[in-house]
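# Reading the structure
What follows is the residue order along each chain.
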Amino acid sequence: MTDNQETPDAEDTAPSPSGSTTLPLRPQCERLSSNKSSVCSRSYFVVVMVFFHVYIINVIALLFYVHYSSGQDDATRSHDAPSSNHQSPGSGRPPSKPESLRDVSLTRIEGIRVGHVQKVSLVPGKVHEMRTLSLKPLLFEIPEFLSDDECRVVMQLAQLKGLMESQLMVQEGQEELAKELNLSPEEIFNLLDINQDGQLQLHEILTHSRVRDGIWLTPENLREIYTGLKADKDGNGLLSLEEFRRLSNDAFQRFLMQQGVKRSQLVRNSRHTWLYQGKGAHQVLQDVKARVTRLTRLPPTLVDLSEPLQVVRYEEGGHYHAHHDSGPVYPETACTHTRLASNTSTPFETSCRYITVLFYLNSVEGGGETAFPVADNRTYDEVSLIQNDVDLMDTRRNCDKSNLRVKPTKGTAVFWYNYLSDGRGWVGEQDEYALHGGCVVTHGTKWVANKWINIDPDYQRQARYQQLVSQQPEDEDDEDQSVNPEIQSSDIHQDL
């Protein structure tokens with residue numbers, strides 16, 4: 001019986017017609033004839049070798065995968081990708097080449113809801129409370145961000161360096177820009193005619209004049225100019241194309257110069273300076289920068305390569321009409337801080353300030369609030385900002401009509417995002433709700449400081465910029481200034 005049971009088992013070990021081999025759980029080759037024993041040995045050897053080669057191939061594939069993954073991580077940590085593990089700008093290690101958009105995301109703090117309070121750790125041994133003030137824009141307030149001593153030191157350093165006028169009485173260079181663009185009166189008219197109704201309303205001209213000349217004209221002022229230049233013949237406050245031709249830039253400028261421009265008519269009435277925060281700067285300035293880095297949760301390199309700290313003083317009557325810290329970025333525009341790395345020539349530049357951090361260095365006796373005219377509005381419409389001669393952007397007359405006002409309190413910081421997210425962890429479109437301004441100071445003096453974090457919405461331009469800066473020697477200030485125009489502005493006076 002035993003032999004009859006073993007024979008079929010031995011036959012089962014032979015190769016099948018399809019080429020596959022079926023092995024018993026315990027091959028008993030020793031009980032077979034020499035011919036069948038040879039077949040069993042060869043079959044067993046083939047199976048073992050197949051399994052061995054599969055194992056070796058798997059090991060090699062695993063090694064390749066580990067090596068490839070490590071290479072990607074190293075590349076992501078290089079200078080051309082904004083991450084928290086960047087090498088310092090002055091190191092001699094060559095940065096990697098920015099070939100494609102890597103999986104890099106910017107940390108963005110959630111506001112949750114208006115009034116929500118979050119606990120944040122910014123300095124050792126102390127917990128700050130961060131309160132959400134609005135969701136459009138995403139705006140937060142942090143009391144006691146700076147100590148009294150830190151506020152005093154920043155103001156003293158600014159005074160020691162010297163403050164300059166924040167705005168000239170009449171800006172120059174606009175005619176050259178118009179000539180460079182070679183725009184006809186018809187093209188300019190169509191650009192200004194926002195609602196494309198074939199006529200220019202007062203607010204459409206006002207917006208243009210404020211951007212072009214830096215002079216804040218009221219509707220009443222503009223009517224006076226129309227009369228003086230005899231532009232609006234029918235006196236209806238609307239300009240047709242033919243009437244607009246009489247309102248040339250030269251005539252507009254000459255009229256303003258003849259009438260004289262008061263400081264109260266400027267878009268901004270203040271004095272300011274820039275304080276360097278890099279290596280060798282005053283310890284308080286370096287501490288403030290480090291605290292901003294922890295607050296925003298952004299890679300230190302992005303903060304380091306941003307603008308210096310701007311300190312601003314508003315005397316009684318000082319103000320700053322509503323504006324955006326950053327402008328929309330179109331294909332024909334370039335960010336100021338990455339302009340030299342964009343490899344394009346364009347007459348249009350804009351400040352790409354992803355985040356604004358505003359510090360109040362003193363408590364103001366009267367006025368001086370930071371106003372957000374359209375914060376948390378359901379919709380944003382530029383045309384509706386001026387209705388029935390009520391100009392929501394006018395911080396001298398209509399601050400009380402703003403949706404949100406933040407009272408200056410010594411040591412308090414507020415910060416907001418000037419751009420939305422692109423949905424993939426990078427900079428998206430401009431947040432138009434971030435419109436803000438400084439209300440007129442009615443009593444006393446107002447001191448504030450601004451820390452802007454510059455990030456180009458175009459990832460590749462930002463990567464090229466960081467790569468370019470990383471190649472500049474730390475001890476050659478002239479080369480560093482040629483790379484970053486914003487930093488150059490801080491070197492007009494001696495850096496502190």
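The preceding data block contains the structure.
Now for a description of the structure that goes with this document. This one's a predicted model, so the numbers in the text were calculated from it and none came from an experiment.

### As for the state of the cysteines
This model, assessed by the stated rule, comprises two disulfides. A sulfur-sulfur separation of 1.9 Å characterises the disulfide bridge that pairs Cys-335 with Cys-352. Here the S-S torsion is close to -80°, and the disulfide linking Cys-335 with Cys-352 is therefore left-handed. Of this pair, Cys-335 sits in strand 9 (residues 333-335) while Cys-352 is found in the loop between strand 10 (348-350) and strand 11 (353-360), placing the two residues 17 residues apart along the sequence. Residue Cys-335 is classed as buried on the basis of its relative accessible area, which comes to 0%. For Cys-352, a relative accessible area of 1% translates into the label buried. What pairs with Cys-399 in a disulfide is Cys-439, and their sulfur atoms sit 1.9 Å apart. Taking the sign of the torsion about the S-S bond as the criterion, the disulfide between Cys-399 and Cys-439, at about -95°, is left-handed. Remark: Cys-439 occurs in the loop between strand 20 (436-438) and strand 21 (441-443) and Cys-399 occurs in the loop between strand 15 (390-391) and strand 16 (404-406); sequence separation between them is 40 residues. Here Cys-399 and Cys-439 have matching classes, each one buried.

### Here we look at the packing of helix 3 (residues 148-161) against helix 10 (residues 283-296)
At a closest axis distance of 10 Å, the pairing of helix 3 and helix 10 adopts a crossing angle of 120°. Judged on the interaxial angle alone, helix 10 and helix 3 are oblique. Relative to helix 10, the crossing made by helix 3 is left-handed. Within the contact between the two elements, helix 3 uses Glu-150, Val-153, Val-154 and Leu-157 and helix 10 uses Val-284, Leu-285 and Arg-291.

### Topic: the nonpolar core
Formed by 48 residues in total, the largest nonpolar core has its most connected members in Phe-145, Val-311, Tyr-354, Phe-359, Leu-361, Phe-415 and Ile-455. When near neighbours in sequence (up to four residues on either side) are disregarded, Tyr-354 contacts Leu-106, Arg-108, Leu-298, Trp-416, Tyr-417, Asn-418, Tyr-419, Val-427, Ile-453 and Ile-455. With 26 residues, the next largest nonpolar core counts Ala-322, Met-393, Val-406 and Val-441 among its residues.

Quick notes on the rules
- Residues numbered from 1 in each chain as written.
- Predicted model: local features only at pLDDT ≥ 70, side-chain atom pairs only at ≥ 80, totals over all residues.
- Heavy atoms only, no water.
- Disulfide = S-S within 2.5 Å.
- Helix = DSSP H or I, 4+ residues; strand = E, 2+ residues; numbered from the N terminus.
- Buried < 20%, exposed > 50% of the residue type's maximum accessible area, 1.4 Å probe, protein only.
- Axes fitted to C-alpha atoms, helices over the stretch in contact; angles between N-to-C directions.
- Parallel < 35°, antiparallel > 145°, perpendicular 65-115°, else oblique.
- Left-handed = near helix turned anticlockwise from the far one by under 90°.
- Contact = heavy atoms within 4.5 Å.
- Core = buried A, V, L, I, M, F, W, Y, C linked by side-chain atoms within 4.5 Å.

In short, shape yes, function no, at least from these values alone.
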